Every structure is written in C-alpha cells, then in structure tokens.
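# Structural overview for review
Residues per chain are reported as follows:
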Amino acid sequence: MNASDLMQKNFVSIDVESTAAELIGHLEKAKTTYALVFDGKKYLGLVTKKWLLTTRVDPDVMKLKNLIKKRNKSKTPFYVPKLSAGTSLKEIVRLLATSDVRALPVVEHMAGEKNNKFEKIRGVVDSITVLDAIKQEYSKVPASK
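Residues numbered from 1 in each chain as written. Predicted model: local features only at pLDDT ≥ 70, side-chain atom pairs only at ≥ 80, totals over all residues. Heavy atoms only, no water.

### Some points on the pairing of strand 2 (residues 34–39)
Of all 6 residues in strand 2, 5 are buried; the element is thus mostly enclosed. When strand 1 (residues 13–15) meets strand 2, the two strands line up parallel, connected through 3 bridges. Counted as the bridge partner of S13 is L36 from strand 2. In this region the chain leaves strand 1, passes through helix 2 (residues 20–30) and returns to the parallel neighbour strand 2; the handedness of that crossover is right-handed. Relative to strand 3 (residues 42–48), strand 2 runs antiparallel, the two sharing 6 bridges. Note on strand 3: the bridge partner recorded for F38 is Y43. Counted along the chain from strand 2 to the antiparallel partner strand 3, the turn is 2 residues long, and its residue G40 has a positive phi close to 70°. (Buried < 20%, exposed > 50% of the residue type's maximum accessible area, 1.4 Å probe, protein only. Helix = DSSP H or I, 4+ residues; strand = E, 2+ residues; numbered from the N terminus. Pairing = 2+ DSSP bridges. Right-handed = clockwise from strand over helix to strand, strands pointing away.)

Here it is as structure tokens:
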C-alpha cells in the first residue's frame, strides 16, 4: 500500500492573501483541520487549525502570508514533508509521526515552461486514512497468547 492508494483528491486549499478568519471558515465548512496554502498555483505549505487557534493573532486582520512568516520563525515549521505517489505506508506513518501534522501532500514534479520544474499537488494523505489502512492491514494477523 502506498500514497497513491491512500490519498484523497478533495482537500481545502486557500490563497496566501486570505485572512486567518477566511481559512477557519473554510475548515469549519469542510469539517477538516488542515488546509494547503497556495500563492496562485504554487504550493507553499500546510497549515492546521490547531496551530491557528494557539497563535495570538486577530484572525479578521491577519493574512496567511504574515502567518507563514511568523510560523517560519517559530519552532513549528510551516513546510511539511511531501510524499510521492509511491511512498510506502511505513514511510507515511514515520513522516506523520515526526512532522506533528495530521496530513501530508502528495506531489508530482512537472516540467513547466522554459524547463522550470514545479510541483503539482495530486492529493493529500491524512492520518485517519492511514489508521484505517493499518487497521485493515493487521486485521488478518491472528492474535496469540
């Protein structure tokens, strides 16, 4: 089982010029705790509701681009590990555990204009999906005394 088997193609994405309040609204509407932040089509990173709620900012005024700067200076990085479609379940579990986030983006490296490479987000693997996969994987293992 790998990232392409586990990824979800529906995820919350938001522009870096949006306010924190707009992001919280999108997260509430989608009933999720994370969103991918973009500057136009360029992927910048992942932000979680937990981090937003523990920072002392005015969500109506603070733009995500300023939160990114603030977060980069703090102990919690804005950039989280990225997965490729072939990343194994074992590696996904390790990255989720060490990065202190509940979701990881699955990226594909693409060739753009003038041989400029860019990353296309194919989907997101979240911790709930990973736990379900582990549960299915080990449901066939018999328990012994």
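Still more to cover.
### Brief notes about the nonpolar core
General note: in soluble globular proteins, nonpolar side chains tend to be found buried as a group. Counting residues in hydrophobic clusters, the biggest one holds 24 residues, and the most contacted among them are L46, L83, I92 and V125. For this core, the elements supplying multiple residues, two or more each, are helix 1 (3–6), strand 2, strand 3, helix 5 (89–99), strand 4 (103–111), strand 5 (117–126) and helix 6 (127–138). If we ignore the near neighbours within four places in the chain, the residues touching V125 are A3, L6, M7, L83, I92, R102, A103, L104, V106 and V130. One finds V12, V16, V47 and L64 within the second-largest nonpolar core, a separate group that totals 15 residues. (Core = buried A, V, L, I, M, F, W, Y, C linked by side-chain atoms within 4.5 Å. Contact = heavy atoms within 4.5 Å.)

### Observations concerning the packing of aromatic side chains
Tallying each qualifying case throughout the model produces 1 aromatic pair. Considering the side-chain rings of F38 and Y43, the 5.9 Å spacing of their centres and the 65° angle between planes classify their relative orientation as edge-to-face. Y43 matches F38 in its accessibility class, with the two residues each being buried. (Phe/Tyr/Trp six-rings, centres within 6.5 Å; stacked < 30°, edge-to-face > 60°.)

### Notes on the pattern of salt bridges
What the rule picks out here adds up to 2 salt bridges. Between E91 and R94 there is a salt bridge, and its shortest N-O distance comes to 2.7 Å. Of the two residues, E91 and R94 are both situated in helix 5; the distance of 3 residues between them amounts to about one turn of the helix. Of the residues examined, E91 reaches a relative accessible area of 28% and is grouped as partly exposed. (Salt bridge = Lys/Arg side-chain N within 4 Å of Asp/Glu carboxyl O.)

### Structural notes on the sheet that holds strand 2
Strand order in the open sheet formed by 3 strands is 1-2-3, and the pairing between neighbours is mixed. Every other strand in the sheet has two partners, leaving strand 1 and strand 3 as the edge strands with one partner each. Here the average twist between neighbouring strands, direction ignored, is 35°. (Axes fitted to C-alpha atoms, helices over the stretch in contact; angles between N-to-C directions.)

### Topic: helix 2
Listing the buried residues of helix 2 in full gives A20, L23 and L27. For helix 2, the buried positions fall inside an angular range of 60° around the axis, keeping them on one side. Looking at the residues trailing helix 2, positive phi occurs at K31, about 55°. (Arc of directions from axis to C-beta.)

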